[in-house]
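# Geometric and topological summary
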Amino acid sequence: MEVWLQESLDKEADEMFTNLEYTRRSLVYLKLLAKQYNLPFEETKSIVDRLFVNYLNLYEANPKEVSRILNETNFQERSALHEMLYTFLENEDSNYLGRAPFVNGIKQENGVYNIETKFGTINLKKASDHFMMTPSRFIFKKTLTGMCFDRTTEFVTTNPEYEAIVSYLPNVFAGGYYHAYAKKDDIIVDPACNGIFFNGTGEIIEEGKIIYQTTAEELKNESDDYDYPKLLVAAIKNSRKK
């Protein structure tokens, strides 16, 4: 593997590991808090789900202590909101997302969720519903979570009026990670979370530093000689030129 690619992926891996350690540390303290106040603590299979489910449950009971615990580990609410949208768009449970202290209200109109947050209003719809009757529908029947580069590449190939964007998004606690989505004018499609954002409101979520923008046609010229998604490799290569 090229040194430049290995270095970039190693940096991301190190930051993801640090973020995971902060997540584990926060869960330890949240579990102790639950025990102290005789409150339930859910042991979900996914560590990310475990964090957010218990965060919401315990915050309702003791917001001051939960805030103190998470502030000590540099909890990023905007990043948490992005992560929580994955679960919200999967089950469309407004009670789940609406309990977050940074969400002020959720209304639905013509299939579009208007989510009032402390960062601004988000206009959001399930991408699988929006593209149900289009050639893109096959994309949203595949595995989405963790597959942002492949699904975004497929989406811009099917919808060439969109550009593929790669950014380095901040983690919930520490560091960041590479993430891909598609954009056309003021519309953002984030295939990995099955979301389509309208009226420029996707910028509230996709807040990372943009390192690469390309079209499906331009991406064809990039190398396939790596064991990583072409879009990711092209983005890292491009970022090193700046």
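Residues numbered from 1 in each chain as written. Predicted model: local features only at pLDDT ≥ 70, side-chain atom pairs only at ≥ 80, totals over all residues. Heavy atoms only, no water.

Turning our eyes to something else, we now look at the layout of surface pockets. Approximately 910 Å³ is the volume attributed to the largest pocket. Along its surface, the largest pocket is lined by 41 residues, and V48, E83, Y86, T145 and G146 are the ones closest to its centre. Among the secondary structure elements, those contributing two or more residues to the lining of the largest pocket are α1 (3–36), α2 (47–61), α4 (77–91), α7 (148–158), β4 (163–170) and β5 (176–184). For the lining of the largest pocket, the element with the highest residue contribution is α4, accounting for eight residues. Within the lining of the largest pocket, the residues separate by chemical class into 24 nonpolar, eleven polar and six charged. The calculated volume of the second largest pocket comes to roughly 150 Å³. Along its surface, the second largest pocket is lined by E7, S8, K11, E12, Y168, Y178, I211, S239 and R240. Among the elements that line the lining of the second largest pocket, the one with the most residues is α1, at four residues. (1 Å grid on protein atoms, 1.4 Å probe; cavity = no way out; pocket = protein on both sides within 12 Å on 5 of 7 lines; lining within 4 Å. Points joined across faces, edges and corners; volume = space filled by probe spheres on them. Helix = DSSP H or I, 4+ residues; strand = E, 2+ residues; numbered from the N terminus. Nonpolar A, V, L, I, M, F, W, Y, C, P; charged D, E, K, R; others polar.)

As for its position among the elements, T73 is in the loop between α3 (63–71) and α4. Overall, the relative accessible area of 4% leaves T73 in the buried class. Between the alpha carbons of T73 and N19 there is a distance of 9.5 Å; along the sequence they are 54 residues apart. When near neighbours in sequence (up to four residues on either side) are disregarded, T73 contacts Y22, R25, S26 and F173. (Buried < 20%, exposed > 50% of the residue type's maximum accessible area, 1.4 Å probe, protein only. Contact = heavy atoms within 4.5 Å.)

Looking now at α4. Between its first and last C-alpha atoms α4 spans 21 Å; for 15 residues at 1.5 Å apiece the expected length is 21 Å, and the two agree. Along α4, the helix axis deviates most sharply at M84, where the bend reaches about 25 degrees. If you check which residues of α4 are buried, you get S79, A80, L81, H82, M84, L85, Y86, T87, F88 and L89. One or two steps after α4, the chain reaches E92, where phi turns positive at roughly 50 degrees. (Expected span 1.5 Å × (residues − 1). Bend = angle between axes of the 7 residues up to and from the residue.)

Pairing is possible between side chains that carry opposite charge, provided their charged atoms lie close to one another. With the rule as written, the count across this model stands at 17 salt bridges. A salt bridge links E72 to R68; the nearest nitrogen and oxygen atoms lie 3.2 Å apart. K118 serves as the salt-bridge partner of E77, at 3.0 Å between the closest nitrogen and oxygen. Pair noted here: E77 is in helix α4 and K118 is in the loop between β2 (112–117) and β3 (120–126), with a separation of 41 residues, a long-range link. Its relative accessible area of 24% is what places E77 among the partly exposed residues. (Salt bridge = Lys/Arg side-chain N within 4 Å of Asp/Glu carboxyl O.)

Here α1 crosses helix α9 (residues 230–239) at 100 degrees, and the two axes come no closer than 10 Å. Here α9 runs roughly perpendicular to α1, going by the angle between their axes. Contacts from W4, L5, S8 and L9 of α1 reach α9 at L232, V233, I236 and K237. Residues belonging to the contact of α1 with α9 are distributed by class as follows: six nonpolar, one polar and one charged. (Axes fitted to C-alpha atoms, helices over the stretch in contact; angles between N-to-C directions. Parallel < 35°, antiparallel > 145°, perpendicular 65-115°, else oblique.)

Without other data, these values stay purely geometric and don't point to any function.
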